[in-house]
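# Examination of the molecular architecture
Residues per chain are reported as follows:
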Amino acid sequence: MNNPTKYRYDILDALRGVAALSVLCFHLFEGIAFAAKDPTQHMFHGFLAVDFFFILSGFVMGHAYDNQWKEMSIKDFVLRRIVRLHPMVIMGAVLGLAAFILQGCTRWDGSEVTPSTILIGFILALFLIPSPSSTDLRGNTEMFSLNGPHWSLFFEYIGSWCYALLLHRLSDKKLTFWVISAAILLTANSIWMNEV
């Protein structure tokens, strides 16, 4: 291999597929349970696969870009990330809008949504700007009311910016320190949240 950034890890592709199916099954069973007014969830921890996607994304980003920073500016990196991520944002906003119109432009409680609110919500979704409560189209207080899962792309962008502005500059020792510190904080938070 002359270019190590082009190497593919087949096992990671397989794990990505398993994680995608886990998330799909989680949401499928969630929808079935909601429609049946039954709180039973048959895929209890499928949402954790999203965490795996974030970890995998960080690894892939470092693997793909770490050796390119001598020739690549932050602007080049940001443009590459926009080209990579934003088509999914636009497609999700358009599909979310289509689904919302097909369901009759009503919130979960049956109240009508004005066309101007729908337009504002759609524009916010296109630019991946979290929805304020005044533009909550579906009535379930999500960050992105036309496409709830947009939150993961939002945080993917934030992770990309953190990597570009700071993380790629850190030495291995400093990066190890931050990873261990984050793991300790996340573990402590998980324990604390479980006790509350």
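Here goes a summary of the coordinates provided. Keep in mind that what you see is a predicted model, and the values were worked out from it rather than measured.

Calculation rules
Residues numbered from 1 in each chain as written. Predicted model: local features only at pLDDT ≥ 70, side-chain atom pairs only at ≥ 80, totals over all residues. Heavy atoms only, no water. Patch = residues over 30% accessible without salt bridge, like charges linked within 9 Å, V, L, I, M, F, W, Y side chains within 5 Å. Areas by Shrake-Rupley, 256 points an atom, 1.4 Å probe, with all protein chains shown as cover. Salt bridge = Lys/Arg side-chain N within 4 Å of Asp/Glu carboxyl O. Helix = DSSP H or I, 4+ residues; strand = E, 2+ residues; numbered from the N terminus. Buried < 20%, exposed > 50% of the residue type's maximum accessible area, 1.4 Å probe, protein only. Contact = heavy atoms within 4.5 Å. Phe/Tyr/Trp six-rings, centres within 6.5 Å; stacked < 30°, edge-to-face > 60°. 1 Å grid on protein atoms, 1.4 Å probe; cavity = no way out; pocket = protein on both sides within 12 Å on 5 of 7 lines; lining within 4 Å. Points joined across faces, edges and corners; volume = space filled by probe spheres on them. Nonpolar A, V, L, I, M, F, W, Y, C, P; charged D, E, K, R; others polar. Core = buried A, V, L, I, M, F, W, Y, C linked by side-chain atoms within 4.5 Å.

A surface patch of nonpolar side chains, amounting to about 530 Å² of accessible area, comprises Tyr7, Tyr9, Ile11, Leu15, Phe59 and Val60. Looking at the nonpolar patch, the elements that each hand over two or more residues are helix 1 (10-35) and helix 2 (48-65). Its place among the elements puts Tyr7 in the segment before helix 1. Using a relative accessible area of 39% as the deciding quantity, one classes Tyr7 as partly exposed.

A word on the side chain of Glu156. Take Glu156: it is sitting in helix 5 (residues 150-165). Taking relative accessible area as the criterion, Glu156 reaches 13% and is therefore assigned buried. Each residue touching Glu156, except ones within four places of it in the same chain, is listed here: Phe54, Ser57, Met61, Arg81 and Leu85.

The tally for this structure, following the rule as stated, stands at 12 aromatic pairs. Ring centres of Tyr9 and Phe59 lie 5.6 Å apart, and the angle between their planes is 65°; this geometry places the pair in the edge-to-face category. Here Phe59 lies in helix 2 and Tyr9 lies in the segment before helix 1, a separation of 50 residues in the sequence. On the basis of relative accessible area, Phe59 is assigned to the partly exposed category, the value being 41%. What links up through ring pairs into an aromatic cluster is the set Phe54, Phe144, Trp151, Phe154 and Phe155.

Looking at the second largest pocket, its volume works out to about 1100 Å³. Lining the second largest pocket are 28 residues, with Phe54, Gly58, Gly159, Leu167 and Val179 positioned closest to its centre. Breaking the lining of the second largest pocket down by element, the ones donating at least two residues are helix 2, helix 5 and helix 6 (172-195). In terms of residue count, the dominant contributor to the lining of the second largest pocket is helix 2 (9 residues). Tallied by class, the residues present in the lining of the second largest pocket amount to 17 nonpolar, 7 polar and 4 charged.

The biggest cluster of nonpolar side chains holds 10 residues, and these are Ala93, Leu97, Phe100, Cys105, Val113, Ile118, Phe122, Ala125, Leu137 and Leu146. Within the residue set of this core, elements represented by two or more residues are helix 3 (74-102) and helix 4 (115-126). Beyond its immediate stretch of four places on either side in the chain, Phe122 contacts Ala93, Val94, Leu97 and Leu146.

Turning our eyes to something else, we now look at the pattern of salt bridges. One pass over the full model with this rule turns up 3 salt bridges. Notably, a salt bridge pairs Glu156 with Arg81, separated by 2.9 Å at the nearest N-O pair. Of this pair, Glu156 sits in helix 5 while Arg81 sits in helix 3, and the two are 75 residues apart along the sequence. The same class applies to Glu156 and to Arg81, which are both buried. One salt bridge in this structure joins Glu142 and Arg138, with 2.3 Å as the shortest N-O distance.

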